[in-house]
Amino acid sequence: MRGSESQSPSVCVPPNLALRLLRLLLGISAFLFLFYTVGHYLTGWPFPTPLDLLRIASAVLVGGVMGLVFSRFWPLPPQPGFERVFRIFFLLLPALVLGYGLQLLLSANQALSLIVPISAWLSSGLIVRLPQESSPGERRK
């Protein structure tokens, strides 16, 4: 390995990770802003104030950072299977508790307890583990 490489060769970290995370978090926030605004006109929910929008954006940011940190320690496996299911449970349970705490701390009407895990789940897929190359003897089996 070269001295400038900080990642192991079996993990695929995109070169523009911060930009992709920012784009993902802005997209989630824009969808939720639109969701709550349309909800006001269709169902009579209270109109989202700037403080409500700040609460939503902070929940998205907390969940996104949590998902990114989690994926640095346990990258997304390349193949579907039970490892992905276990990985989701190990990510979503603490994110749900953190969302409930954030909702109580900010005394929000919005479902911050669901926004944090969803944004954590979506942002945890940015770092993917590459498939392991097998040796010539294993390919024959």
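Scroll up to find the structure.
Residues numbered from 1 in each chain as written. Predicted model: local features only at pLDDT ≥ 70, side-chain atom pairs only at ≥ 80, totals over all residues. Heavy atoms only, no water.

### A look at the pattern of salt bridges
Logical step 1: All chains considered together, the criterion is met by 2 salt bridges.
Logical step 2: Two residues, D52 and R55, come together in a salt bridge whose shortest N-O distance is 3.1 Å. Taken together, the positions of D52 and R55, both in helix 2 (residues 50-73) and 3 residues apart, correspond to about one turn of that helix.
Logical step 3: Since its relative accessible area comes to 10%, D52 is described here as buried.
Logical step 4: Under the relative-accessibility criterion, R55 is labelled buried at 13%.
Logical step 5: A salt bridge links E83 to R129, with the shortest nitrogen-to-oxygen separation between them at 2.9 Å. Here E83 is found in helix 3 (residues 82-106), whereas its partner R129 is found in strand 2 (residues 128-129), with 46 residues between them in sequence.
Logical step 6: A relative accessible area of 33% places E83 in the partly exposed class. (Salt bridge = Lys/Arg side-chain N within 4 Å of Asp/Glu carboxyl O. Helix = DSSP H or I, 4+ residues; strand = E, 2+ residues; numbered from the N terminus. Buried < 20%, exposed > 50% of the residue type's maximum accessible area, 1.4 Å probe, protein only.)

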